[in-house]
Amino acid sequence: RCIVKMSVFSFLILLPLNFTGNEHKNYNYDAEGIFFTDFMRFTMANVSAGSPRLWGHAIGAYLLTGIVIRELLVEYNAY
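Anyway, here's the lowdown on the structure attached to this text. (Residues numbered from 1 in each chain as written. Predicted model: local features only at pLDDT ≥ 70, side-chain atom pairs only at ≥ 80, totals over all residues. Heavy atoms only, no water.)

**What about helix 1 (residues 2-19)?**
Part 1: The end-to-end C-alpha distance of helix 1 is 24 Å, a good match for the 26 Å that 18 residues give at a rise of 1.5 Å each.
Part 2: The sharpest bend along helix 1 reaches about 45 degrees and sits at serine 10.
Part 3: For helix 1, the complete set of buried residues consists of Met6, Phe9, Leu14 and Asn18. (Helix = DSSP H or I, 4+ residues; strand = E, 2+ residues; numbered from the N terminus. Expected span 1.5 Å × (residues − 1). Bend = angle between axes of the 7 residues up to and from the residue. Buried < 20%, exposed > 50% of the residue type's maximum accessible area, 1.4 Å probe, protein only.)

See the structure below:
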């Protein structure tokens, strides 16, 4: 149940936040030895440091913690 709820948040909020970031344009592939793949455009690596977009990830972390605690309490009360 936790995974379904968090997946909805991730697909609707986090993936678009990550994909529309422009950090992948700042990498010099030859000098830094970093291989920025298309997959990494969907991760936090594509969000600039200090960007307001990082709040989406912070909210997601608190949301996941709340969902897990709630589900644990529901299961605890059921048994």
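On we go from here.
**Topic: the packing of aromatic side chains**
Part 1: On inspection of all chains with the given rule, the structure shows one aromatic pair.
Part 2: When the ring of phenylalanine 19 is compared with that of phenylalanine 42, the centres are 5.0 Å apart and the planes differ by 20 degrees; the resulting orientation is stacked. Pair noted here: phenylalanine 19 is in helix 1 and phenylalanine 42 is in the loop between helix 2 (29-32) and helix 3 (54-78), with a separation of 23 residues, a long-range link. (Phe/Tyr/Trp six-rings, centres within 6.5 Å; stacked < 30°, edge-to-face > 60°.)

**Some points on the environment of isoleucine 13**
Part 1: Note on placement: isoleucine 13 falls in helix 1.
Part 2: When the C-alpha atoms of isoleucine 13 and glycine 60 are compared, they prove to be 9.0 Å apart, with 47 residues separating the residues in sequence.

**Here's the deal with helix 3**
Part 1: With 25 residues, helix 3 should reach 36 Å at 1.5 Å per residue; the first-to-last C-alpha distance of 36 Å fits that figure.
Part 2: Regarding helix 3, the residues found buried are Gly56, His57, Gly60, Ile67 and Glu71.
Part 3: On its buried side, helix 3 packs onto helix 1. (Contact = heavy atoms within 4.5 Å.)

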